[in-house]
Amino acid sequence: MDEEESKPLLLDDGNDTFNSNNQKKSVFGRKKNKIGVVDTFNSIDLLFNQTETEEEPDYIVSVFVVTFDTRCGNMVEWSTPSELDLSSIEFKAMPSGAHTVESDFIYFRLNNLFGLSCFEKMRVDSVEERGVRMKSVGILASTYTTLFRHMQFLEMQVRHHLQTPGNYLQLEEFYKDRHGVLPPLIQQPSSNANHIKNTNQFPHMKITHPAGCFSQFIKFFGENIFVLWKLVLLGKRILFFSPPPIGVVCYRVYCACCLGKVAVNGFEHKTPKPYFYINVADIEDVENELNYIACTTERIFREKSHLYDIYVDNQVIISTDVQSKDLLKVNKVDKEKYQNLLNHRNDLLFHQDIGDDNVPTEEEVYQSYFIHQNNQLFETLMEAASSRDRTLTEDHIKAMGLDPVGDRHFIMDLLELYAIDVMLVVDNPCCPV
């Protein structure tokens, strides 16, 4: 796995000062909630050192155009380099149901590459095309974290190819300017071997997608964001369903993966694997995965329950496992933490409105909150496992920001998943505390 460009999280001592050297952004003071648990959201500092952070290269390995043909269906109209196998990309870059929307964007995975395409349709006076022309223009890269930088170019190009099909000069020039060598496993001979640092290893999540996607993700699911958080930490196979447009749902896949990010030294975390958009052509791939997060526009997946553990139909979270249904319940602490998120967002907006330049963005705060929460959870579990009596008490659970009763099933599943040898000791396990 790539070495993480970490953005350390520090506990606050109550001093909201700004350090100009390290660009320390404090997230207000440490508070306690009604059950006496320290609210991690109010005790996070973000420490950035942008002078030491190098911008990740945004090289690509392929450019392509997909079109809908009234006789053949979806097909690759043009691509470069020609030797790269793009089998099934025509169904990833132009999803099922795309004809029902005017435009969309799609993130997807093809073997060990990641792709982004922009789709659009245009009315035309053509009997042969049945009055409508539909195309997608897309790119492939060895990582998904920089694909969004090319979104505007792809949107312009798909309109260009709808209006003047068959002219690929701009795409050819774009590829010449931006291409890097292919990652391992499908490596092709190239004179640009030192053009880009390549890896087939899975990249860490970074705050790279357009501003607002993570805050919208939290607003969309509301209190259930903490249900998703637990499911991600438990390594569940999660499939988001939505009819087109699917672009915003691809962001939900990304954000769901962010919920499970852990930065604890010496702890081997089961990192969620994002597949982004999938269709029936991906069934063979995902049925062999023990842990993935994906989205689809194809309702037929609802019937293929062996392919996933959790099915999310817009805002409805469904479990295929009877034993996991307890995990779908929002408990008292979940509700309290979500209210703290809302309250803090209001504080954040207030400081932004009065022109406080030292306040972090919503994206930074929300992502940092979950990283910090995860770190605190696993550090507490590791400390309990290394203690003399190896017991996990009610106080430990509260310190992790969890409900000793409502989260009992979650904690037991987490201990089993990571083979953490501790004894769970909770007072009054049948009654709320």
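Residues numbered from 1 in each chain as written. Predicted model: local features only at pLDDT ≥ 70, side-chain atom pairs only at ≥ 80, totals over all residues. Heavy atoms only, no water.

Peer 1: An account of the overall build of the protein is requested, with residue identities and associated values reported.
Peer 2: Helices and strands together make up the secondary structure of the protein, namely 11 helices and 15 strands. Put simply, the protein has 433 residues, and 53% of those count as buried. Per element, the accessible surface of the protein, about 20400 Å² overall, is 47% carbon and sulfur. (Helix = DSSP H or I, 4+ residues; strand = E, 2+ residues; numbered from the N terminus. Buried < 20%, exposed > 50% of the residue type's maximum accessible area, 1.4 Å probe, protein only. Areas by Shrake-Rupley, 256 points an atom, 1.4 Å probe, with all protein chains shown as cover.)

Peer 1: Go over the nonpolar core with me, naming the residues and quoting the values.
Peer 2: Core analysis: the biggest nonpolar cluster contains 99 residues, and Leu-140, Phe-240 and Leu-377 have the highest contact counts within it. Here the element with the most residues in this core is helix H6 (residues 247-259); it accounts for 10 residues. Not counting the four nearest positions on each side in its chain, Leu-377 is found in contact with Trp-229, Leu-233, Met-400, Leu-402, Phe-410 and Leu-414. Ile-283, Ala-294, Phe-301 and Tyr-308 belong to the second largest nonpolar core, which has 12 residues in total. (Core = buried A, V, L, I, M, F, W, Y, C linked by side-chain atoms within 4.5 Å. Contact = heavy atoms within 4.5 Å.)

Peer 1: Which residues make up the environment of Gln-323, and what are the values?
Peer 2: Looking at the secondary structure, you find Gln-323 in the loop between strand S13 (316-319) and helix H8 (332-353). Given a relative accessible area of 59%, Gln-323 falls into the exposed group. Spatially, the C-alpha atoms of Gln-323 and His-409 are 9.1 Å apart, while their sequence positions differ by 86 residues.

Peer 1: Please set out the packing of helix H9 (residues 362-385) against helix H11 (residues 408-417) residue by residue, giving values where relevant.
Peer 2: Remark: H9 packs on H11, axes separated minimally by 12 Å, with the N-to-C direction vectors making an angle of 65 degrees. It follows that H9 is roughly perpendicular to H11 by the angle criterion. The crossing of H9 and H11 is right-handed. Residue-level inspection shows Leu-377, Phe-378 and Leu-381 of H9 in contact with H11, the latter providing Phe-410, Leu-414 and Leu-415. The residue inventory of the contact of H9 with H11, partitioned by class, reads 6 nonpolar, no polar and no charged. (Axes fitted to C-alpha atoms, helices over the stretch in contact; angles between N-to-C directions. Parallel < 35°, antiparallel > 145°, perpendicular 65-115°, else oblique. Left-handed = near helix turned anticlockwise from the far one by under 90°. Nonpolar A, V, L, I, M, F, W, Y, C, P; charged D, E, K, R; others polar.)

Peer 1: Help me get a handle on the pairing of strand S4 (residues 62-69), residues and values and all.
Peer 2: Where burial is concerned, most of S4 is hidden: 7 out of the 8 residues are buried. Here S4 pairs with strand S8 (residues 132-141) via 6 bridges, running antiparallel. When the bridges of S8 are listed, Thr-67 appears paired with Lys-135. Between S4 and strand S5 (residues 73-80), which pair antiparallel in sequence order, lie 3 residues. (Pairing = 2+ DSSP bridges.)

Peer 1: Explain the pairing of S5 to me, using residue names and the numbers behind them.
Peer 2: Note that S4 and S5 share 7 bridges and pair antiparallel. Bridging across to S5, Val-65 finds its partner in Trp-78.

Peer 1: Just give me the short version of the state of the cysteines, but keep the residues and values in it.
Peer 2: Throughout the structure, instances matching the rule amount to 0 disulfides. Cys-250 forms no disulfide, and the closest cysteine sulfur to it belongs to Cys-295, at a distance of 3.9 Å. Of all cysteine sulfurs in the structure, the one in Cys-255 sits closest to Cys-258, which takes part in no disulfide; the separation is 5.8 Å. (Disulfide = S-S within 2.5 Å.)

Peer 1: Kindly report on helix H5 (residues 225-233), identifying the contributing residues and their values.
Peer 2: A large share of H5 lies buried, amounting to 9 of its 9 residues. Turning to H5, its buried residues are Ile-225, Phe-226, Val-227, Leu-228, Trp-229, Lys-230, Leu-231, Val-232 and Leu-233. Following H5 by one or two positions, Gly-235 adopts a phi angle in the positive range, close to 70 degrees.

Peer 1: Mind laying out the side chain of His-160, listing which residues take part and the relevant values?
Peer 2: On the secondary structure map, His-160 appears in helix H2 (residues 151-163). On the accessibility criterion, His-160 (18% relative accessible area) is buried. Dropping the residues within four chain positions of it, His-160 is found in contact with Asn-167 and Gln-170.

Peer 1: Describe the pattern of salt bridges, with residues and values.
Peer 2: Evaluated as defined, the whole model comprises 18 salt bridges. One salt bridge connects Arg-159 with Glu-120, and the closest N-O pair in it is separated by 3.2 Å. Taken as a pair, Arg-159 in helix H2 and Glu-120 in strand S7 (residues 113-123) lie far apart in primary sequence, 39 residues in all. Residue Arg-159 is classed as partly exposed on the basis of its relative accessible area, which comes to 38%. Among the ionic pairs, Arg-237 bridges to Asp-309, the shortest N-O distance being 3.1 Å. Highlighted residues: Arg-237 in the loop between H5 and strand S9 (238-241) and Asp-309 in the loop between strand S11 (293-296) and strand S12 (310-313), separated in sequence by 72 residues. By relative accessible area, Arg-237 is classed as buried at 13%. (Salt bridge = Lys/Arg side-chain N within 4 Å of Asp/Glu carboxyl O.)

Peer 1: Got a sec to walk through unusual backbone geometry? Specific residues and values, please.
Peer 2: The linkage connecting Thr-80 with the following residue, Pro-81, adopts the cis geometry, with an omega of 0 degrees. Phi angles above zero are rare outside glycine, and Ser-88 is one such case at about 80 degrees. Topologically, Ser-88 is positioned in the loop between S5 and helix H1 (89-92). Classification of Ser-88 as partly exposed rests on a relative accessible area of 23%.

Peer 1: Just give me the short version of the environment of Arg-130, but keep the residues and values in it.
Peer 2: With respect to the secondary-structure elements, Arg-130 resides in the loop between S7 and S8. For Arg-130, a relative accessible area of 64% translates into the label exposed. As a C-alpha pair, Arg-130 and Thr-70 span 60 residues in sequence and 7.6 Å in three-dimensional space.

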